[in-house]
Amino acid sequence: MSAQQIDATPQPLAPTPGPTPGPVDVPATAGLKAERVSAWFGQRKVLDRVSLDMPAGQVTALIGPSGCGKSTFLRILNRMHELVPGAQLAGEVRLDGDDIYAPQRRLTDARKAIGMVFQKPNPFPAMSIQDNVLAGLKITGTKIAKSERDALTEESLTRAGLWLEVKDRLRQPGSALSGGQQQRLCIARSLAVRPRVLLMDEPCSALDPTSTRVVEETITQIAQDVTIVIVTHNMQQAQRVSDQCAFFLAAHGTPGVIVEHGPTDVIFDSPQDQRTSDYVNGRFG
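Residues numbered from 1 in each chain as written. Predicted model: local features only at pLDDT ≥ 70, side-chain atom pairs only at ≥ 80, totals over all residues. Heavy atoms only, no water.

### Some words on the packing of aromatic side chains
Link 1 in the chain: Applying the stated criterion across every chain, the model contains three aromatic pairs.
Link 2 in the chain: For the ring pair Phe-247 and Tyr-279, a centre distance of 5.1 Å and an interplane angle of 25° mean the geometry is stacked. Of the two residues, Phe-247 is situated in strand β10 (residues 244-249) and Tyr-279 in helix α10 (residues 274-280); the sequence distance between them amounts to 32 residues.
Link 3 in the chain: Residue classification places Phe-247 among the buried residues on the basis of a relative accessible area of 0%.
Link 4 in the chain: One aromatic cluster is present, formed by Phe-247, Tyr-279 and Phe-284 through successive ring pairs. (Phe/Tyr/Trp six-rings, centres within 6.5 Å; stacked < 30°, edge-to-face > 60°. Helix = DSSP H or I, 4+ residues; strand = E, 2+ residues; numbered from the N terminus. Buried < 20%, exposed > 50% of the residue type's maximum accessible area, 1.4 Å probe, protein only.)

### Digging into the pattern of salt bridges
Side chains bearing opposite charge may pair, as long as their charged atoms lie close to each other.
Link 1 in the chain: The full count for this structure, using the stated rule, is 16 salt bridges.
Link 2 in the chain: Lys-33 serves as the salt-bridge partner of Glu-35, at 3.7 Å between the closest nitrogen and oxygen.
Link 3 in the chain: Given a relative accessible area of 19%, Glu-35 falls into the buried group.
Link 4 in the chain: Judged by its relative accessible area of 40%, Lys-33 is partly exposed.
Link 5 in the chain: Between Glu-216 and Arg-240 there is a salt bridge, with the nearest N and O atoms lying 2.7 Å from each other. Residue Glu-216 is located in helix α7 (residues 209-222), and its partner Arg-240 is located in helix α8 (residues 235-241); the two are separated by 24 residues in the primary sequence.
Link 6 in the chain: Salt bridges linked by common partners bring Lys-33, Glu-35 and Arg-36 together as one network. (Salt bridge = Lys/Arg side-chain N within 4 Å of Asp/Glu carboxyl O.)

### A few points about unusual backbone geometry
Link 1 in the chain: The backbone of Arg-36 sits at a positive phi, close to 55°, despite the residue not being glycine.
Link 2 in the chain: Looking at the element boundaries, Arg-36 is found in strand β2 (residues 32-41).
Link 3 in the chain: A positive phi angle, near 50°, is found at Asp-96, a position not held by glycine.
Link 4 in the chain: Structurally, the position occupied by Asp-96 is in the loop between β5 (87-95) and β6 (98-99).
Link 5 in the chain: A relative accessible area of 44% means that Asp-96 is categorised as partly exposed.

### Notes on the packing of helix α4 (residues 146-159) against helix α6 (residues 179-191)
Link 1 in the chain: Running from N to C, α4 and α6 point in directions that differ by 125°, and their axes come no closer than 8 Å. Classed by the angle they form, the pair α4 and α6 counts as oblique. Pair α4 / α6 crosses with right-handed handedness. Residues Ser-156, Leu-157 and Arg-159 of α4 form the contact with α6, whose participating residues are Leu-185, Ala-188 and Leu-191.
Link 2 in the chain: Across the contact of α4 with α6, the residue classes tally to four nonpolar, one polar and one charged. (Axes fitted to C-alpha atoms, helices over the stretch in contact; angles between N-to-C directions. Parallel < 35°, antiparallel > 145°, perpendicular 65-115°, else oblique. Left-handed = near helix turned anticlockwise from the far one by under 90°. Contact = heavy atoms within 4.5 Å. Nonpolar A, V, L, I, M, F, W, Y, C, P; charged D, E, K, R; others polar.)

### Examining the sheet that holds strand β7 (residues 114-117)
Link 1 in the chain: Spatially, six strands are ordered β7-β8-β9-β4-β10-β11 in an open sheet, and the strand pairing comes out mixed. Either end of the sheet is taken by a strand with one partner, and the two such strands are β7 and β11 (257-263). Each neighbouring strand pair of the sheet contributes to a mean axis angle of 15°, computed without reference to strand direction.
Link 2 in the chain: Sheet contacts for α6: β7 and β8 (197-201); angle to β7, the most-contacted strand, approximately 170°.
Link 3 in the chain: Helix-sheet contacts for α7 involve β4 (59-63), β8 and β9 (227-231), and the interaxial angle to β9 is about 150°. (Pairing = 2+ DSSP bridges.)

### Describing α6
Link 1 in the chain: Counted at 1.5 Å a residue, the expected span for α6 with its 13 residues is 18 Å, and the 18 Å between its end C-alpha atoms agrees.
Link 2 in the chain: For α6, the buried fraction is high: 12 of the 13 residues fall into the buried class.
Link 3 in the chain: All of the buried residues in α6 are Gly-180, Gln-181, Gln-182, Gln-183, Arg-184, Leu-185, Cys-186, Ile-187, Ala-188, Arg-189, Ser-190 and Leu-191.
Link 4 in the chain: As for α6, its buried residues are in contact with β7, α3 (129-139), α4, α5 (163-166), β8 and α7. (Expected span 1.5 Å × (residues − 1).)

### So, the packing of α6 against α7
Link 1 in the chain: Where α6 meets α7, the axes come as close as 9 Å, and the angle between the chain directions of the two elements is 20°. Here α6 lies roughly parallel to α7, going by the angle between them. Along this stretch, α6 crosses α7, giving a crossing that reads as right-handed. Contacts from Gly-180, Arg-184, Ile-187 and Leu-191 of α6 reach α7 at Ser-211, Val-214, Val-215, Thr-218 and Ile-222.
Link 2 in the chain: Residue composition of the contact of α6 with α7, grouped by class: five nonpolar, three polar and one charged.

### A short note on a nonpolar patch on the surface
Link 1 in the chain: On the surface, Phe-124, Met-127 and Ile-139 cluster together into a nonpolar patch covering about 260 Å² of accessible area.
Link 2 in the chain: Considering the arrangement of structural elements, one finds Met-127 in the loop between β7 and α3.
Link 3 in the chain: Of the residues examined, Met-127 reaches a relative accessible area of 31% and is grouped as partly exposed. (Patch = residues over 30% accessible without salt bridge, like charges linked within 9 Å, V, L, I, M, F, W, Y side chains within 5 Å. Areas by Shrake-Rupley, 256 points an atom, 1.4 Å probe, with all protein chains shown as cover.)

Shown next as structure tokens:
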């Protein structure tokens, strides 16, 4: 996508993991790069020329007060923003140098390469645990032999830190799991399509502290082979799980911008902007 405004219209659309059931054949991690990204909802501009490099194999945390455009930016990274009627955007998003908004790039290809885990666990309630894991394959048009489904289910649940807890009840509904288990089931569902990047929008905000700890351990595990971009309002969580942070801010009704970004320890211990220091130390937000 060139740096021009584009009309967007709706389109169809842990506990310690056990041993992996065999070599995990996942694609190489990929870097994401946003360049001069601006976004609108109707006439309201919500992001202004945001540029950010999200390196391959790292966890990038997006931090900042509510309403500063973090979740909008996250959704732009896998083309969910364009599903909102009247939404528009400008700029570029590149996955290892390839423009995900290029006219020849299919939406399903972008979604397969760049997965998403939402704030509230959203397993398909009528589906079994195994069918939930494999649901993304159908959505993205990924074909797999019936003989490989059990192995992929085990692999995905293992990577999400859930296999040992559910291996004896794969035919039971995913909705019967606890909140933390449901969120890890959603992570497993995303991992089953072998994404190169995984976006996470406040994945622990609806969870208790124990479940949060397990999900954070899962993030640490999967970050070894998938690039992660996470939105979080929990500053301690950002410190625990991320390699780098980007601080978003929207002041006095202006669009969101990135005030500062860099290695997590630098952002928290020696930020260059006083607003960053005030935010990470809890003086506002």
